Every structure is written in C-alpha cells, then in structure tokens.
Amino acid sequence: MIKAKKSLGQNFLVDKNIINKISNIIDIQNKTILEIGPGTGNLTSSLLQRNPKKFYVIEKDNSLSLILKKEFQEQIIIINDDILDINESTLSKEPLIVFGNLPYNISTEILCKWILNIKQDPWFEYLILMFQKEVADRIISKFNTKNYGRLSILANWRLDIEKICDVKANSFLPIPKVDSSVLFFRPKKRFLNLNDPKNLEKITRVFFMHRRKMIKKPYNQLFNGNNDIISKLKVNLNLRPQNLNFETYFNLTKEYEKLRS
Ligand code: SAH
C-alpha cells in the first residue's frame, strides 16, 4: 500500500465508473496524451487501453515515478518534475490532449499558467481536468452570479468550458474533505486578441478587489477617468464588478492596451 503525501495533494482516484467516464469523453486513439500527476496510474492504465499514439506523464513524486516506470515500462514517457516548471509547448509538435486529476493546492495556478502563456495556436487540443468542486464552480460561472470573477473571465477568454460531472469525495483514496468536478476545455476558434494576457489578469484583479463596491473607483484608477471608453463600451460605472460580462472585460483590456501603446 502506498502512503499518500498530503503535501503533494495526493488523493488517488479509485472509482472505476468515474475513471471510465473520463477515459471515454473523447476518442484518443492515435492521439498524443499528457497526463498531469498520474499518481499510482489508475487513470493512466485506463487511458492506455484506448490506444493513444504517445503518452507523456508529469509526476513530481520520485517514488511514484519509479512505480509508474516499473508498471508501464515503455508505454509511457515519464517526466519526473514539477508541472509548474515545465514548458509544455515543447513536448510535442502535435497538439496534446491533457488529462489530470490535479493536485488541488496548485490547480488554479496550473490553469492560469496555461492561459497566460497561450499562443495563437495552443499546444493542447483539449484539457480534461479534475478540480475541487468549488473551484470548478468558479471557473464555469457566468456574470451576475456570486462565483463570477477573475478565474472565469480569464478561462473564458480563450477556452470553451463544459462540466462533465461531479465526483463524490469517496471516489478517492484517501477520501478528501471536498467533492470534485471534471471540466472539459477546448480552445475557442474566435477570441479577442490581446497584446499580453497579463493585462486581463491585471484588469480583473483591480476590478474584483472589492466585489460589493461600484466599479467607478477601479475604473478611474486604471483609465485615469477616461470618459470616451465608458461611452464606447457602454459601461455603467455604478455597477458592481460581477455585473459586467466576459466581453466587456476583454474589451476593457483591449482599450487599456491601446492607451498604453
Ligand atoms: N491522477 C492520480 C493522482 C491524483 S493526486 C489519480 O487520479 O489517481 C495528484 C497527483 O499529482 C499526485 O500523484 C502527486 O504526486 C502529483 N503532483 C503533485 N504536485 C505536483 C506537481 N507540482 N507537479 C507534478 N505532479 C504533482
């Protein structure tokens, strides 16, 4: 029996129904796969049965990497490293299909890293990722709802997002304190081009600093009280940050970039 390391967010998915469901979301035959944090390889072995062409895994835990090596031999390419230190875009020429029951302490950091570094042509075709349910709810939330914020705006800039299912805590070992959800992401074909996605991050950070306050103050702080942009984008400064839809935030960022260029 392998002792799970809490520091690495190790909760191994053991529910066969869920493992099957995740493996069957899309046809991966002849595709190149990247799995983040394969752990003991439960999802890995299920995915391998679907005949992918090539299979990369990134696993930080040294002892788990050795176990995976023994178990799967030449079937997978193991990168024994920290996902946050990897440049995924150099792994493969073909876009990857990414699976991951992510370590929850760094799941939003991983997603934000990918979105902020995304190029015109993304290095991935799909992302199929497990998050803590509360985090998944934030990612898929729409404007005028309480979970709406930086994470959903950032994710929705370049990605279409769909919830596949919720996953009960007892589907994992050891059993975590929270439920989870599986989300499916695919790059949008049409999106507003930004010079630097970090500007979108900045705009949303400043706007959502005070969720309950009117956006007048953050707007003026970022745009020096520029009235033309407000009327062009038809922004009402008496609204709260959660009342502006995705497009308004993307457009505000575009205007912000124009002002500084
Ligand atoms: N996917 C497995 C395990 C999920 S637990 C399963 O479903 O059974 C999260 C996994 O991510 C663990 O294997 C853990 O060792 C690994 N991990 C944690 N932090 C990581 C990091 N920074 N980079 C890569 N892997 C990490």
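Calculation notes
Residues numbered from 1 in each chain as written. Predicted model: local features only at pLDDT ≥ 70, side-chain atom pairs only at ≥ 80, totals over all residues. Heavy atoms only, no water. Helix = DSSP H or I, 4+ residues; strand = E, 2+ residues; numbered from the N terminus. Rg over C-alpha atoms; globule rule 2.2 N^0.38 Å. Contact = heavy atoms within 4.5 Å. Areas by Shrake-Rupley, 256 points an atom, 1.4 Å probe, with all protein chains shown as cover. Lys, Arg positive; Asp, Glu negative; His and termini not counted. Charge placed at Lys NZ, Arg CZ, Asp CG, Glu CD. Pairing = 2+ DSSP bridges. Axes fitted to C-alpha atoms, helices over the stretch in contact; angles between N-to-C directions. Core = buried A, V, L, I, M, F, W, Y, C linked by side-chain atoms within 4.5 Å. Buried < 20%, exposed > 50% of the residue type's maximum accessible area, 1.4 Å probe, protein only. Near = heavy atom within 4 Å. Polar contact = N/O pair within 3.5 Å; in protein donor to acceptor, adjacent residues only side chain to side chain. Nonpolar A, V, L, I, M, F, W, Y, C, P; charged D, E, K, R; others polar. Right-handed = clockwise from strand over helix to strand, strands pointing away. Salt bridge = Lys/Arg side-chain N within 4 Å of Asp/Glu carboxyl O.

> Hey, could you run me through the overall build of the protein in this one?
Summing up its helical and strand segments, the protein has 10 helices and 9 strands in all. For a compact globule of 261 residues, the expected C-alpha radius of gyration is about 18 Å, and the protein comes in at 20 Å, within 12% of that figure. Dimensions of the protein along its principal axes, counting C-alpha atoms only, are 65 × 40 × 30 Å. Considering only residue pairs separated by 6 or more positions, the protein has 67% of its internal contacts joining residues 24 or more positions apart. As displayed, the protein offers around 13,700 Å² of accessible surface, 48% of which is attributable to carbon and sulfur atoms. For the protein, the separation between the mean place of its 42 positive charges and that of its 27 negative charges on side chains is 7 Å.

> Would you mind going over the sheet that holds strand S2 (residues 32–36) with me for this structure?
Two pairing modes exist for strands in a sheet, parallel and antiparallel, and in both the strands are linked by backbone hydrogen bonds. Taken in spatial order, the 7 strands of this open sheet run S4-S3-S2-S5-S6-S9-S7, and their pairing is mixed. The sheet terminates laterally at strand S4 (77–79) and strand S7 (159–167), the two strands that pair on one side only. Here the average twist between neighbouring strands, direction ignored, is 20°. The sheet contact formed by strand S5 (residues 96–101) and strand S6 (residues 124–132) spans 6 bridges and is parallel. Bridge assignment links Asn-101 to a residue of S6, and that residue is Met-130. Lying over the sheet, helix H1 (residues 16–23) contacts S5, S6, S7 and strand S9 (180–187), oriented at roughly 160° with respect to S7.

> Quick question: what am I supposed to make of the nonpolar core here?
Most often, soluble globular proteins have nonpolar side chains that are buried together. Core analysis: the largest hydrophobic core is formed by 57 residues, its most contacted members being Val-98, Phe-131, Phe-207 and Tyr-249. At 6 residues, the largest contribution of residues to this core is made by helix H4 (residues 107–116). When sequence neighbours within four positions are dropped, the list of residues in contact with Phe-207 reads Ile-215, Pro-218, Tyr-219, Leu-222, Pro-241, Leu-244, Tyr-249 and Leu-252. Judged by nonpolar contacts, the second largest core, of 26 residues, contains Leu-13, Val-57, Ile-76 and Phe-99.

> Sorry if this is basic, but what is going on with the site of the ligand here?
For the ligand, the set of nearby residues contains 21 residues, the closest of which are Gln-10, Gly-37, Glu-59, Asp-82 and Asn-101. Here an oxygen atom of the ligand and a side-chain polar atom of Glu-59 are 2.5 Å apart. Between Asn-101 and the ligand, the recorded distance is 2.8 Å, taken from a side-chain N or O atom to an oxygen atom. In isolation the ligand exposes 560 Å². Once the protein is present, 98% of that is buried. The residue makeup of the shell around the ligand, split by class, is 9 nonpolar, 6 polar and 6 charged.

> Teacher, can you tell me more about helix H6 (residues 150–158) here?
Residue pairs three or four apart in sequence face the same way in an α-helix, which turns once every 3.6 residues. With respect to burial, H6 is a largely interior element, 8 of its 9 residues being buried. Every buried residue of H6 is accounted for by Leu-151, Ser-152, Ile-153, Leu-154, Ala-155, Asn-156, Trp-157 and Arg-158. Taken together, the buried residues of H6 touch H4, helix H5 (133–139), S7, S9, helix H7 (197–207) and helix H10 (246–260).

> Please clarify how the pairing of S6 should be interpreted in this entry.
A regular strand places its side chains on the two faces of the sheet in alternate fashion. In terms of burial, S6 is largely enclosed, as 7 of its 9 residues are buried. Between S5 and its parallel partner S6, the chain crosses via H4, and the hand of that crossover is right-handed. Where S6 and S9 come together, 6 bridges link them in antiparallel fashion. Directly across from Gln-132, in S9, lies its bridge partner Ser-180.

> Would you mind going over the pattern of salt bridges with me for this structure?
Between side chains of opposite charge, a pair can form when the charged atoms approach closely. Throughout the structure, instances matching the rule amount to 13 salt bridges. Glu-94 is paired through a salt bridge with Lys-53; the nearest N and O atoms lie 3.0 Å apart. Residue Glu-94 is found in the loop between S4 and S5, and its partner Lys-53 is found in the loop between helix H2 (42–48) and strand S3 (54–58); the two are separated by 41 residues along the sequence. For Glu-94, a relative accessible area of 36% puts it in the partly exposed group.

> Is there a simple way to think about the pairing of S2 in this case?
Most of S2 is tucked away: 5 of the 5 residues are buried. Residues Thr-32, Leu-34 and Ile-36 point to one face of S2 and Ile-33 and Glu-35 to the other, with burial holding for every one of them. As defined by bridge partners, S2 adjoins S3 across 5 bridges and the pair is classed as parallel. The partner of Thr-32 across the bridge, within S3, is Lys-54. With 4 bridges joining them, S2 and S5 adopt parallel strand pairing. Following the sheet pairing, Glu-35 is matched in S5 by Phe-99.

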